[in-house]
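What follows is each chain in one-letter form.
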Amino acid sequence: MSTQSRDSTDVDALRSEIAVFLQNAPKPAGLRNYGPTPTAADVEAGRAWHRYLAEHGYACLDWPSEYGGANAAVLLQGVFAEECARIGVPRQLGFTAIELAGPILIRFGSAEQKRRYLEPIRLGDDIWTQLFSEPEAGSDLAAVRTKAVKTQTGWRVNGHKVWSSAANCAKFGLLLARTGENGHRGLSMFIVPMQSRGVTVRPIRQIDGEDKINEVFLEDVELADDALIGEVGQGWAVAMATLGRERLTLGSQAVAMFKLHERMVQAANERGLLNPVLVQTLTRLWTRIWLLRHTWQRAVDGGDLASSAFGALKLMASETARDLGDVATEVLGTDSCIDPEHDALVHAMFVGRAQTILGGTSEIQRNILAERVLGLPK
């Protein structure tokens, strides 16, 4: 990617450059657009693809140049994600390493942690997982119970995490654990080598047949002193610094939704189902996808990842994906019983409702928007 393109305000030229690069880039055998998280079967092709992106300046776009990034504006990151979705390729090996672990280490990590971990992340050598949510502390991270107790040589960790994406193929984990009293100030952030003694990973088979999410058990896991990121009790601040990063590429979901919508219209037409009621439903969905796309465009144009627009986008994207899945059920009828691997509509039907849970439930998003944006009473 040219330096001129990184700084250019000509979005159309920038988009064209990225699209041509992605279209002409050699695709490793077995590469598919697996989204933010690879399955174990996706890792080899995903790693080769990520290495190619890194070699051509398209990995870690928002990282500072001193760490191998492009120091790119929010707009460039969003356009790149959108074009990857349009062409049907992943934009990186895995979301957690590039978008969470790397920026956290750049901001809070020690010089030694940066030296040790950042370059393997940039090149796609290491997959990371996020060890935040627990069975009784999903959206409410302040209720985390996993404990890290200080020892003479470091820390001893005991606890149970769940919904940890890519934990079954990750080399390291970002662990939020309790080191003090209940509440925000009693939390700290650690790096956990996933091959450590006492770490047990159990994949959770999803309804779509994939196993991207996992349960992780930590039993007397010994961590060295230098596993701590930042200061003791700084875990909540570190965790909150990751918010907003997952929202940046919501515009790219609109591209995938348009493709799914087109496939749905085609399937309905083939089955003779395009009656006035279904046409009205499909038109409303098409309108909502465009609203999502343009709301995202306004948000990235502003360049502020803390903007309330990204919270609204999460809610819009999740519920539109859910409703697309519901309409797919109507269109498919009994064909919805086939293997989701072989039909995008079946896959959409299965995973649509999960979108309203992962990354923060719709109920939590509404509370945040009501209380923090609109100023309504709790």
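Residues numbered from 1 in each chain as written. Predicted model: local features only at pLDDT ≥ 70, side-chain atom pairs only at ≥ 80, totals over all residues. Heavy atoms only, no water.

Participant: I'd like a rundown of the nonpolar core, residues and numbers included.
Facilitator: Counting 48 residues, the largest nonpolar core has Ile18, Leu22, Phe80 and Met264 as its most contacted members. The element contributing the most residues to this core is helix H10 (residues 308-332), with 10 residues. The residue makeup of this core includes at least three contributed by each of domain 1 (11-93) and domain 3 (247-374). Those residues in contact with Met264 that lie beyond four places of it in its chain are Leu282, Leu324, Val327, Ala328, Val331 and Leu345. (Core = buried A, V, L, I, M, F, W, Y, C linked by side-chain atoms within 4.5 Å. Buried < 20%, exposed > 50% of the residue type's maximum accessible area, 1.4 Å probe, protein only. Helix = DSSP H or I, 4+ residues; strand = E, 2+ residues; numbered from the N terminus. Domains from an automatic or database assignment. Contact = heavy atoms within 4.5 Å.)

Participant: Kindly report on the domain arrangement of the protein, identifying the contributing residues and their values.
Facilitator: Once the domains are mapped, the protein shows domain 1 (11-93), domain 2 (128-233) and domain 3 (247-374). Using C-alpha coordinates to define each centre, domain 2 is positioned 31 Å away from domain 3.

Participant: Give me the UniProt feature "domain: Acyl-CoA dehydrogenase/oxidase N-terminal" (unreviewed entry) in the protein: which residues, what numbers.
Facilitator: Those places that UniProt annotates as "domain: Acyl-CoA dehydrogenase/oxidase N-terminal" (unreviewed entry) correspond, in this numbering, to residues 42-121. Annotated as residues 42-121, this span is 65% helix and 0% strand, and its ends, taken at the C-alpha atoms, are 17 Å apart. (UniProt positions renumbered as here; feature names shortened; annotations may be inferred.)

Participant: Give a description of the pattern of salt bridges that names residues and reports values.
Facilitator: Under the definition given, this model contains 22 salt bridges. Of the charged contacts, one joins Glu119 and Arg122 as a salt bridge, the two residues approaching to 2.9 Å between their closest N and O atoms. On the criterion of helical spacing, the pair formed by Glu119 and Arg122 is a turn pair, its members being three residues apart in helix H6 (residues 111-123). Arg122 sits in the buried class, given a relative accessible area of 15%. (Salt bridge = Lys/Arg side-chain N within 4 Å of Asp/Glu carboxyl O.)

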